There are 2 protein chains.
Amino acid sequence: MLSDAKKTLIRKLQNKKHRTEMQKCIIEGEKGVFEAIRSGAQVAFIVLADSYRGAPIPAEHEIEIFDIFDDEAKKLTSTVTFSGILAVVAIPQAKELVRKGPIVYLDGIADPGNLGTIFRTAEWFGITQIVLGPGCSDPYNEKALRASMGSLFRIVPRVGDPALIEILKQDGYTITGLDMQGSDDASLLEGNVVLVVGSESHGISPELETALDNRYTIAGGNETESLNAAIAAAIVFSRLTV
Amino acid sequence: MLSDAKKTLIRKLQNKKHRTEMQKCIIEGEKGVFEAIRSGAQVAFIVLADSYRGAPIPAEHEIEIFDIFDDEAKKLTSTVTFSGILAVVAIPQAKELVRKGPIVYLDGIADPGNLGTIFRTAEWFGITQIVLGPGCSDPYNEKALRASMGSLFRIVPRVGDPALIEILKQDGYTITGLDMQGSDDASLLEGNVVLVVGSESHGISPELETALDNRYTIAGGNETESLNAAIAAAIVFSRLTV
């Protein structure tokens, strides 16, 4: 039986404030839950609705499982299509930057789908050092987690602000902004580079603009004004030397 | 005054069946409406809610504009955040394929956001020949249009099925699938190539698999199972020779 305390916890964790306080988050859907288990995330417990007909939870993980009725399950979450399985999982600890190779600095990526997708793509290309600047969506909200396909349990972002950029600069890092008025010279993406990805609607914030050493632009355009932030990041990730 | 007939039309056009019958669609939001006007789309009329405080509609376009009250406006659309402006626009006619240079064949891209983003990215890289295979989302639904940022009014997809692939093959086209078990040899993306992009969840459909001449894979992976379909398409678009 799922206790009232656990139900309250699940409802609370749909709110960023409580996620930050408790350092826990919710994952909905079979794919997400299994990715979290596979990635070694600390799963507090799993809730299965009685309509759940998916794969069984591997027994060796000894995770507490609670069954509930569908109508109860529907009341637990805000997502429209509750697929019958969710897990309460500890948010993993961010690692310190190793300060070697590319670092990605996300500057105000407010769309959780874009944010999660950026982690999924970064992992594909072996990019593991990602810093979340001010104005980014909470990576451990349900949409971002879903879009990241488990990558957010393996590449844990570090929170940072423009002061960190200054420290990295003193460490010998080159600060390169992904921008519309730059060059597509591939050498800009080599070595110890901080790639700054600006927000979907406002680009790179003025505070960071002044810190840029270079601007990298993806050649193209035609009648299109810009690329989607996750798309632009992906194309540059595919060109970064890791 | 917005007539009841026009209100009914707006409600109907939120449904794919009616869009196909009438060859009209709805665009919501200032950015989308202005992009459609700029792209020379045939705008039937524009509806402004009384709270609309955006840019004025350029007078030279002589588009009929109807003002309505906010509470009426809210009843017109299904989108949660109605921004105060929408337009009813004619779906543009697809052009015949010129059969020179790359052709993109979308095979079951069911997510409208991914579909719209693919058009936006294709246009950025100068790719203009796109075929929608069976199972794709309707490109003129509101989400796809929004994600395309106007590109769907400039690059109009042609509807096609696997039979078209056979015709293109006879025309000398090479059929290359974007796939997980291929090679990342850049020469696969040169010349007259049909790039087949498979669905988010099922990949390339069996019917098309048998027609493939080559399989192209974006090198990478690590712990990630796959890339998002719009991301994978974007990376390949950035490598295609147009």
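Just so you know, these numbers come straight off a predicted model, no measurement behind them. Going along each chain's sequence as written, the residues are numbered from 1 onward. Starting at A for chains and at 1 for ligands, labels are handed out in the order in which the entities are written. In keeping with the model being predicted, local features are shown solely for residues with a pLDDT of at least 70 and side-chain atom pairs are shown and tallied solely at 80 or more, while totals for entire chains, interfaces and linings include all residues. Side-chain numbers here rest on the full set of heavy atoms in the structure, without hydrogens or water.

Caption draft 1: Looking closely at the overall build of chain A. Secondary structure elements follow DSSP: runs of H or I no shorter than four residues count as helices, runs of E no shorter than two count as strands, and numbering proceeds from the N terminus. Counting its secondary structure elements, chain A contains nine helices and 10 strands. Put simply, the radius of gyration uses C-alpha atoms, and a globule should come to 2.2 Å times the residue count raised to 0.38. Taking 2.2 N^0.38 as the reference for a compact globule, 242 residues should give roughly 18 Å; the C-alpha atoms of chain A span a radius of gyration of 20 Å, in line with that estimate. Referenced to the eigenvectors of the C-alpha coordinate spread, the extents of chain A come out at roughly 60 × 40 × 30 Å. Between buried and exposed lies partly exposed: a residue is buried under 20% and exposed over 50% of the maximum accessible area for its type, with that area taken using a 1.4 Å probe on protein chains only. Out of the 242 residues in chain A, the part that is buried amounts to 54%. If you take every contact in chain A between residues at least 6 apart in sequence, the share linking residues at least 24 apart comes to 75%. Here the Shrake-Rupley method, with its probe set to 1.4 Å, supplies the accessible areas, and only the displayed protein chains count as covering residues. Carbon and sulfur atoms make up 51% of the accessible area of chain A, which totals about 11,100 Å². Averaging the coordinates of the 24 positive side-chain charges in chain A and doing the same for the 32 negative ones gives two points 5 Å apart. Here, two residues are considered to be in contact whenever any of their heavy atoms come within 4.5 Å of each other. Neither His nor the chain ends is counted toward charge; the positive residues are Lys and Arg and the negative residues Asp and Glu. In plain terms, the charge of a residue is placed at NZ if it is Lys, CZ if Arg, CG if Asp and CD if Glu.

Caption draft 2: Helix α7 (residues 162-170) of chain B, seen in detail. Residues and elements named next belong to chain B. Turning to α7, its buried residues number three or more, namely Pro-162, Leu-164, Ile-165 and Leu-168. All buried residues of α7 project into a common sector of 145° when viewed along the axis, lining one side. As for α7, its buried residues are in contact with β5 (103-106), β6 (130-132), β7 (158-159), β8 (174-183), β9 (193-197) and α8 (206-209). Directly after α7, the chain includes Gly-172, whose backbone phi takes a positive value near 100°. The arc in question is formed by the directions pointing from the helix axis toward the C-beta atoms.

Caption draft 3: Inspection of the relation of the copies chain A and chain B at higher detail. Copies are brought into register by a least-squares superposition over C-alpha atoms of residues with pLDDT of at least 70 in both. Rotating chain A by 180° about the axis while translating it 0.0 Å along that axis superimposes it on chain B, leaving an RMSD of 0.0 Å. The two molecules are tied by a two-fold rotation axis, judged by turn and shift.

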